[in-house]
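Remarks on the overall topology
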Amino acid sequence: MATATSPQFIGRTGELGRLLGLLERAEAGSPAVALVGGGAGVGKTRLLAELAARAQDNGFRVLVGGCMEVGDVGLPYVPFVDAFRDIGSGEGDAELAAPLVAAIPGLGRLLPEARADVVEAPQPGDGFEQVQLLGGVQSLLARLAEATPLLLVIEDIHWADRSSRDLLAFLARTLRGSRIVLVASYRTDELHRRHPLRPLLAELVRIPDLARIDLPPFSRAELAQYIEALVGGEVPAEAVDRILARSEGNAFFAEELVAAGAVRSEVLLPEALADVLLGRIEALPELAREVLKVASAAGRGVAHQLLVAAAGRPEAELEEGLREAIGAQILVMDPGSDSYRFRHALLQEVVYADLLPGERSRLHASYARLLADNGPAAELAHHCLAGHDLPGALAALVRAASEARAVFAPAEALAHLTEAIELWDRVPDPAEVAGINLVELELRAAGAASDSGEFRRAVSLTRDAVAGAEGLVAARAYDRLATYLLQAETPSDEWLGAARRAVELVPPAPPTALRARVAAGLARALQADRQYQEARRWCDEALAVARAAGSTNEEAHALITLAVLELRQDDAPVARGLLHDARERAAATGDAWLEVRARCILGTLELDVGNLEAASRVLEGAVALAGRTGMSWSEYGVMARIQRCYVQYVTGAWDEAERLAAKLDDRWLAVPSLSAVTMYVAVARGGERAPMLLERLERASHGDSWATYMSIGCGIDLACWRGELDRARTFLRRVLAELDKADERWELSAIWPATLGLAAEADRAERARAAGDDEFAAEAVQAGRPMLERIDGVRKAVRSHGRQVGPEALAWLARAEAETSRLEGHSDVALWEASVDAFGYGHVYEQARSRWRLAEALLGTGRRDEAERAAAGAHESAVRLGAEPLRAEVEALARRGRLDIGLATERGDGATGLTPREREVLRLVAAGRSNRQIADNLFISAKTASVHVSNILAKLGVHTRVEAAATAHRLGLDEDNDRG
């Protein structure tokens with residue numbers, strides 16, 4: 001007798017081999033992600049089942065979940081709840097999961113085994129909850145993988161809800177340093193042009209090491225082997241050809257054709273494969289067919305008791321039909337969940353499509369009646385809609401939105417609420433049915449839209465709510481509208497107008513939390529519009545009202561806003577005190593998001609004022625808190641990591657920064673602003689890694705303006721080190737355009753790239769002067785003018801705002817003045833000394849760079865002893881940091897200037913190590929001669945001249961003939977007399 005599915009694993013050698021390679025990689029500590037695509041029935045599930053079995057044999061813990069097609073009403077996180085159903089039952093699971101479940105609201109709802117122990121935590125409602133939940137899942141998987149390597153399989157993501165897609169994308173980007181393999185499968189033939197999975201696939205394939213496996217149909221040889229395994233013996237060649245022609249190598253279709261008798265030549269089969277499937281089903285007894293009809297209306301799977309109740313038959317009678325359906329391998333039983341599912345989704349689709357309209361409506365109405373009291377509301381809404389029960393659908397949709405919000409699935413909540421709004425006018429007494437009025441419904445939908453990143457949709461929904469709201473409800477709506485308008489980047493008069501209207505609608509007395517909230521909202525809006533004085537007045541009121549009303553949460557928000565305003569006026573001590581107070585209040589109320597925000601801003605403050613040790617300590621605490629509460633990937637969780645990494649770079653803790661960077665594998669390019677920080681170290685240490693990272697980072701930075709700004713700034717520096725000054729100029733134009741677009745014209749964000757641009761033009765001018773090209777040198781000076789104007793603008797802006805900038809910005813200003821002197825042809829010793837002193841606040845690398853230029857300037861004025869000390873200091877720092885480009889330049893300067901900085905003495909005439917013949921060649925290079933002209937002049941071959949020039953460049957530590965000429969001129973090696 002033929003089996004429906006072969007017990008043997010046939011073919012797929014290459015595809016399985018690639019997946020097994022990912023298991024080996026994960027065992028070694030490197031996470032892996034794979035996408036498996038193929039048509040319906042091609043064998044994706046069988047391939048992944050084989051992978052799961054092999055993984056289990058190799059000691060992996062295997063978690064498998066699948067998506068379900070439930071009409072247009074999605075159940076959030078279904079495949080992950082399915083995959084996580086056993087977490088909590090394993091040894092040590094409870095102890096491992098408990099701290100995360102306690103700290104992260106909603107995580108327990110994704111862990112069926114942990115639900116009984118879930119303790120609800122306060123929900124701050126600031127829009128970070130989903131990020132916190134995603135981070136919690138990532139932390140949970142990483143902790144599980146510490147004990148045992150982990151394989152997580154998510155099937156049929158073409159049916160995934162938005163929140164499941166978000167979680168899948170998040171895990172694919174952020175799994176790092178963990179022994180985890182994540183594999184997702186999808187139907188390629190489902191992906192029409194507007195399918196919601198397409199953007200996710202486009203995002204995931206940008207992960208450099210992602211394995212993308214497209215599963216093809218069986219070849220003829222594989223199909224023959226498969227059919228023989230199904231029937232348990234040899235099959236005639238003509239039967240294989242017949243099945244191949246009908247199935248086109250599709251494994252599931254081949255199974256069904258074999259089951260329908262296609263191996264026997266005397267059996268006539270319908271032309272359409274759907275008819276083949278229906279023919280198999282129609283061959284079953286009537287009772288089995290009725291069972292399948294009832295099951296098909298439930299979807300791919302259905303619980304036993306629900307199926308019995310929906311069928312309306314005695315349980316014993318129903319079980320007889322179930323045995324027939326299971327025996328024919330149309331249904332499969334899952335003893336663990338006491339449920340049944342169709343062996344393949346195509347079988348369910350065929351049975352459901354064959355139902356008459358009246359049958360569908362009656363079945364859906366039955367399921368709706370049975371699910372009304374205790375079923376998932378989203379599933380209930382689906383059955384109500386399909387059964388044409390609009391009042392029931394409205395009530396279920398509102399409840400489904402609440403359930404989605406409870407597991408922090410804002411996209412699903414938005415979908416439910418949007419459909420409820422559309423049903424509103426079609427239902428009698430909708431407010432009574434829904435238990436909520438239309439204004440509140442629209443505000444909830446707007447909040448879900450905002451949390452989903454659909455800010456313009458949030459604006460539209462809130463405007464609808466404002467139109468129907470009155471009194472304090474209208475004030476709350478206007479307050480929300482101001483926030484959403486700001487998020488949607490609308491003109492400032494729109495969000496300021498909404499914020500002012502919110503304040504007008506709430507009386508100042510008696511003091512209330514709402515008055516504090518709208519006053520703080522207006523203060524934030526004014527701050528965003530740079531109206532700092534008025535913002536301070538409203539912030540003071542918000543703080544006073546919050547305290548009078550006893551609203552600790554609103555007080556903490558107002559304290560942070562006020563601290564930011566104090567920082568604008570450079571009153572760091574006051575701002576520091578306010579942030580400490582805000583942190584304490586947030587901790588007291590259990591508002592982890594607010595506490596992380598306060599800690600992050602406090603750490604940034606300490607960094608800005610040059611308290612590097614304090615900054616490191618505070619930011620470390622912020623990162624740790626974010627990790628414990630699942631907020632590592634929230635806005636301030638990421639910012640804390642960025643700032644902590646930058647503190648390590650500034651203080652010269654590069655090995656620690658590199659250690660962290662090693663954990664940030666290529667997936668972290670999905671958060672470019674975090675990856676961008678590692679570019680500082682990569683550029684400073686040199687090698688080919690920096691250009692490669694920069695190229696990847698530039699591709700990933702679209703939409704992240706700060707990452708774009710940072711990566712381009714690093715690009716300027718890298719181009720200068722490599723002598724690619726035209727490229728440096730191109731980078732500079734781009735970064736200045738980014739700053740103008742963001743309206744960032746002052747402080748460090750403008751000083752840093754402008755100074756790097758000055759350095760690049762100074763290099764260009766020096767080359768031109770060495771080559772005697774005064775016109776080119778003048779052009780370089782002229783190109784540097786815009787940078788000088790920007791830096792002058794910074795000074796004026798600082799003075800006009802009555803505040804100072806932090807020590808790093810002051811140091812870059814000092815270096816800019818020194819680079820200006822170099823640009824103009826007279827590198828000023830005093831200005832370079834000022835730059836060295838300014839970076840002495842703790843910026844180890846930049847101080848060493850300024851020492852190098854100081855040594856160069858001192859050597860040019862004949863102050864050799866001082867130049868030697870400056871060069872030795874720069875060299876010591878460069879060696880300790882592993883800053884190879886800087887070390888090479890300092891050593892080249894020492895050789896050229898005969899400075900003793902502890903280098904081994906080189907053989908040859910003079911401290912430069914040049915032989916007499918090489919000195920002759922260098923003088924001709926400085927005179928602008930080509931290799932052929934040098935050869936003719938010295939009576940040597942052109943090849944020999946080329947070898948001499950290459951040796952000279954290496955010994956001088958320069959990259960080009962122009963740089964060699966500049967060096968010769970600076971050290972007097974281009975003169976006719978030999979100094980050797």
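That block above? That's the structure.
Residues numbered from 1 in each chain as written. Predicted model: local features only at pLDDT ≥ 70, side-chain atom pairs only at ≥ 80, totals over all residues. Heavy atoms only, no water.

So, about the overall build of the protein. The number of helices and strands found in the protein is 47 helices and 8 strands. Residues counted as buried form 55% of the 980 residues belonging to the protein. In the protein, once contacts between residues fewer than 6 apart in sequence are set aside, the share between residues at least 24 apart is 68%. Counting every atom, the protein has about 40,400 Å² of accessible surface; 50% of that belongs to carbon and sulfur. (Helix = DSSP H or I, 4+ residues; strand = E, 2+ residues; numbered from the N terminus. Buried < 20%, exposed > 50% of the residue type's maximum accessible area, 1.4 Å probe, protein only. Contact = heavy atoms within 4.5 Å. Areas by Shrake-Rupley, 256 points an atom, 1.4 Å probe, with all protein chains shown as cover.)

What follows deals with empty space enclosed by the protein. By the definition in use, this model includes 3 cavities of 30 Å³ or more. By volume, the largest cavity amounts to about 450 Å³. Looking at the largest cavity, it is lined by 26 residues, and the ones nearest its centre are Asp-763, Trp-852, Arg-853, Glu-889 and Glu-963. Elements supplying a minimum of two residues to the lining of the largest cavity: helix 35 (705-721), helix 37 (748-770), helix 39 (807-823), helix 41 (844-860), helix 43 (884-897) and helix 47 (961-971). Per-element tally for the lining of the largest cavity: the top contributor is helix 41, with 5 residues. Class assignment of the residues belonging to the lining of the largest cavity gives a composition of 8 nonpolar, 4 polar and 14 charged. (1 Å grid on protein atoms, 1.4 Å probe; cavity = no way out; pocket = protein on both sides within 12 Å on 5 of 7 lines; lining within 4 Å. Points joined across faces, edges and corners; volume = space filled by probe spheres on them. Nonpolar A, V, L, I, M, F, W, Y, C, P; charged D, E, K, R; others polar.)

It is worth spelling out the sheet that holds strand 7 (residues 331-334) at this point. Pairing is antiparallel across the open sheet formed by 3 strands, whose spatial order is 6-8-7. Looking along the sheet, the strands with just one partner apiece sit at the ends: strand 6 (301-303) and strand 7. The average undirected angle you get between the axes of adjacent strands in this sheet is 25 degrees. Sheet analysis places strand 6 next to strand 8 (residues 339-342), joined by 3 bridges and oriented antiparallel. Bridge pairing links Ala-303 to Ser-339 in strand 8. The sheet strands contacting helix 14 (residues 315-327) are strand 7 and strand 8, and the helix crosses strand 7 at an angle near 110 degrees. (Pairing = 2+ DSSP bridges. Axes fitted to C-alpha atoms, helices over the stretch in contact; angles between N-to-C directions.)

This paragraph deals with helix 17 (residues 377-386). Extensive coverage of helix 17 is indicated by the burial of 8 of its 10 residues. Regarding helix 17, the residues found buried are Ala-377, Ala-378, Glu-379, Leu-380, Ala-381, His-382, His-383 and Cys-384. Buried residues in helix 17 make contact with helix 12 (286-298), helix 16 (357-371), helix 18 (390-406) and helix 19 (410-423). Immediately beyond the C-terminal end of helix 17, within one or two residues, lies His-388, with a positive phi of roughly 65 degrees.

This brings us to the sheet that holds strand 5 (residues 211-214). The 5 strands are arranged 2-3-4-1-5 in an open sheet whose pairing can be described as parallel. Only two strands of the sheet have a single partner each, and these edge strands are strand 2 (61-66) and strand 5. Going from strand to strand, the sheet's axes swing by 15 degrees on average, the running direction of each strand aside. Across 7 bridges, strand 1 (residues 32-38) lies against strand 4 (residues 180-187) in parallel orientation. Residue pairing for strand 4: Ala-32 is matched across the bridge by Val-181.

Going through the model one piece at a time under the given rule, you end up with 13 aromatic pairs. Seen from the ring of Tyr-352, Arg-360 lies directly overhead, with NZ or CZ sitting 4.6 Å from the centre. Positioned over the ring face of Trp-852 is Arg-853, at 3.9 Å from the centre of the ring. (Phe/Tyr/Trp six-rings, centres within 6.5 Å; stacked < 30°, edge-to-face > 60°. Lys NZ or Arg CZ within 6 Å of the ring centre and 35° of its normal.)

Residue position: Arg-597 is located in helix 29 (residues 592-608). In this structure the side chain of Arg-597 is engaged in a polar contact, spanning 3.4 Å, whose partner is the side chain of Tyr-636. Sequence-distant contacts of Arg-597, defined by excluding residues within four places in its chain, comprise His-557, Ile-560 and Tyr-636. (Polar contact = N/O pair within 3.5 Å; in protein donor to acceptor, adjacent residues only side chain to side chain.)

Note on soluble globular proteins: their nonpolar side chains tend to be buried together. Counting 263 residues, the largest nonpolar core has Phe-84, Leu-141, Leu-152, Ile-157, Leu-171 and Leu-307 as the members making the most contacts within it. It is helix 29 that provides the largest number of residues to this core, a total of 10 residues. Other than its neighbours up to four places away in sequence, Leu-152 contacts Leu-63, Phe-80, Ala-83, Phe-84, Leu-141, Leu-171, Val-181, Leu-182 and Val-183. (Core = buried A, V, L, I, M, F, W, Y, C linked by side-chain atoms within 4.5 Å.)

Looking now at helix 42 (residues 864-881). The terminal C-alpha atoms of helix 42, which comprises 18 residues, lie 25 Å apart, in line with the 26 Å expected from a rise of 1.5 Å per residue. Buried residues of helix 42: Ala-867, Ala-870, Ala-871, Gly-873, Ala-874, His-875, Ser-877, Ala-878 and Leu-881, and no others. In the stretch just after helix 42, Gly-882 is the one whose phi turns positive, near 80 degrees. (Expected span 1.5 Å × (residues − 1).)

Before going further, it helps to spend a moment on the pairing of strand 7. Note that strand 7 and strand 8 share 4 bridges and pair antiparallel. Bridge assignment links Leu-331 to a residue of strand 8, and that residue is Phe-342. Connecting strand 7 to the antiparallel partner strand 8 that follows it, the hairpin turn spans 4 residues, and Asp-338 within it adopts a positive phi of roughly 55 degrees.

Topologically, Arg-500 is positioned in helix 24 (residues 492-504). Taking C-alpha positions, Arg-500 is 8.6 Å from Ala-519, a pair spaced 19 residues apart along the chain.

This brings us to unusual backbone geometry. Each neighbour pair has its own omega, and for Ala-509 with Pro-510 the value is -5 degrees, a cis peptide bond. Residue position: Pro-510 is located in the loop between helix 24 and helix 25 (513-528). Phi at Arg-12 takes a positive value of approximately 60 degrees, unusual for a residue other than glycine. Along the chain, Arg-12 falls in the segment before helix 1 (13-27). Judged by its relative accessible area of 4%, Arg-12 is buried.

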